[in-house]
Every structure is written in structure tokens, then in C-alpha cells.
Amino acid sequence: INDFSYLHTNCFELSIYVGCDKYPHESELPEEWENNRESLIVFMEQVHRGIKGIVKDVHGRGIPNAVISVEGVNHDIRTGK
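Treat the numbers as computed from the prediction; the structure is a model and nothing was measured.

**A few points about the overall build of the chain**
Turning to step 1, where the next piece is worked out: Within the chain, the regular secondary structure consists of 2 helices and 2 strands.
Turning to step 2, where the next piece is worked out: With the C-alpha coordinates of the chain rotated into their principal frame, the extents come out at 55 × 25 × 25 Å.
Turning to step 3, where the next piece is worked out: Here the chain holds 81 residues, and 6% of them are scored as buried.
Turning to step 4, where the next piece is worked out: In the chain, the 8 positive side-chain charges and the 13 negative ones have mean positions that sit 16 Å from each other.

Okay, here's the thing in C-alpha cells:
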């Protein structure tokens, strides 16, 4: 679903596996968290990088369905309603 969401919506989803076992037992989760906590927190902080903003018209109103393109990136996105 990650690829579908990226290609057909404005949503970028990630699946992260921090070990060889895709479905670790519940009792193993605290240790997995502690083993990967710092790197996962640093990774989550990266959401604040990049370009962010609101597309507005000359009157300050949002423009729905505006196409946003970035040179060198072959994936346009559109603003919401």
C-alpha cells in the first residue's frame, strides 16, 4: 500500500522493520524499542526537513487542487481542498 499511496495520493507512508522477525512477540517489544529508540527518534525528527507551506491566491485564500512540481523529481503533488 505504501507505493500506491505515494503514487496516487499526497501521502508518503513508510514501513520500518528493525529486526529479522516481522512479527515479534509482544514480550520482545520493549527490548526492540530500547535497541532502536534513539535512531527511530532521530528518524522521526526528519519530518521537519524539506519544503513546507500553504499555496494561496493573491487574496490569501488556499488554492485547492493546485499542482506542485519540483525540478528533478518526477512526482507532482496536489493541494487539498
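**Overview of the UniProt feature "domain: Peptidase M14" (unreviewed entry) in the chain**
Turning to step 1, where the next piece is worked out: UniProt marks residues 1-47 with the feature "domain: Peptidase M14" (unreviewed entry), using the numbering shown here.
Turning to step 2, where the next piece is worked out: Taken end to end, residues 1-47 comprises 51% helix and 0% strand; its first and last C-alpha atoms sit 20 Å apart.

**Section: the pattern of salt bridges**
Turning to step 1, where the next piece is worked out: Tallying each qualifying case throughout the model produces 2 salt bridges.
Turning to step 2, where the next piece is worked out: The salt bridge involving Arg37 is made with Glu34; its shortest N-O contact spans 3.5 Å. Here Arg37 and its partner Glu34 are both found in helix H2 (residues 29-45), 3 residues apart, which amounts to about one turn of the helix.
Turning to step 3, where the next piece is worked out: Residue classification places Arg37 among the partly exposed residues on the basis of a relative accessible area of 37%.

**Side note on the layout of surface pockets**
Turning to step 1, where the next piece is worked out: Empty space within the largest pocket amounts to approximately 610 Å³.
Turning to step 2, where the next piece is worked out: Class assignment for the residues of the lining of the largest pocket results in 10 nonpolar, 5 polar and 1 charged.
Turning to step 3, where the next piece is worked out: When its volume is computed, the second largest pocket comes out at roughly 190 Å³.
Turning to step 4, where the next piece is worked out: Lining the second largest pocket are Ile16, Tyr17, Val18, Gly19, Cys20, Asp21, Lys22, Pro24, Glu28, Leu29, Glu32 and Leu40.
Turning to step 5, where the next piece is worked out: Of the residues contributing to the lining of the second largest pocket, the split by class is 7 nonpolar, 1 polar and 4 charged.

**Re unusual backbone geometry**
Turning to step 1, where the next piece is worked out: The phi torsion at Asn65 lies on the positive side, around 65 degrees, for a residue other than glycine.
Turning to step 2, where the next piece is worked out: Following the sequence through the fold, Asn65 ends up in the loop between H2 and strand E1 (67-68).

Each value, and the rule that gives it
- Residues numbered from 1 in each chain as written.
- Predicted model: local features only at pLDDT ≥ 70, side-chain atom pairs only at ≥ 80, totals over all residues.
- Heavy atoms only, no water.
- Helix = DSSP H or I, 4+ residues; strand = E, 2+ residues; numbered from the N terminus.
- Buried < 20%, exposed > 50% of the residue type's maximum accessible area, 1.4 Å probe, protein only.
- Lys, Arg positive; Asp, Glu negative; His and termini not counted.
- Charge placed at Lys NZ, Arg CZ, Asp CG, Glu CD.
- UniProt positions renumbered as here; feature names shortened; annotations may be inferred.
- Salt bridge = Lys/Arg side-chain N within 4 Å of Asp/Glu carboxyl O.
- 1 Å grid on protein atoms, 1.4 Å probe; cavity = no way out; pocket = protein on both sides within 12 Å on 5 of 7 lines; lining within 4 Å.
- Points joined across faces, edges and corners; volume = space filled by probe spheres on them.
- Nonpolar A, V, L, I, M, F, W, Y, C, P; charged D, E, K, R; others polar.

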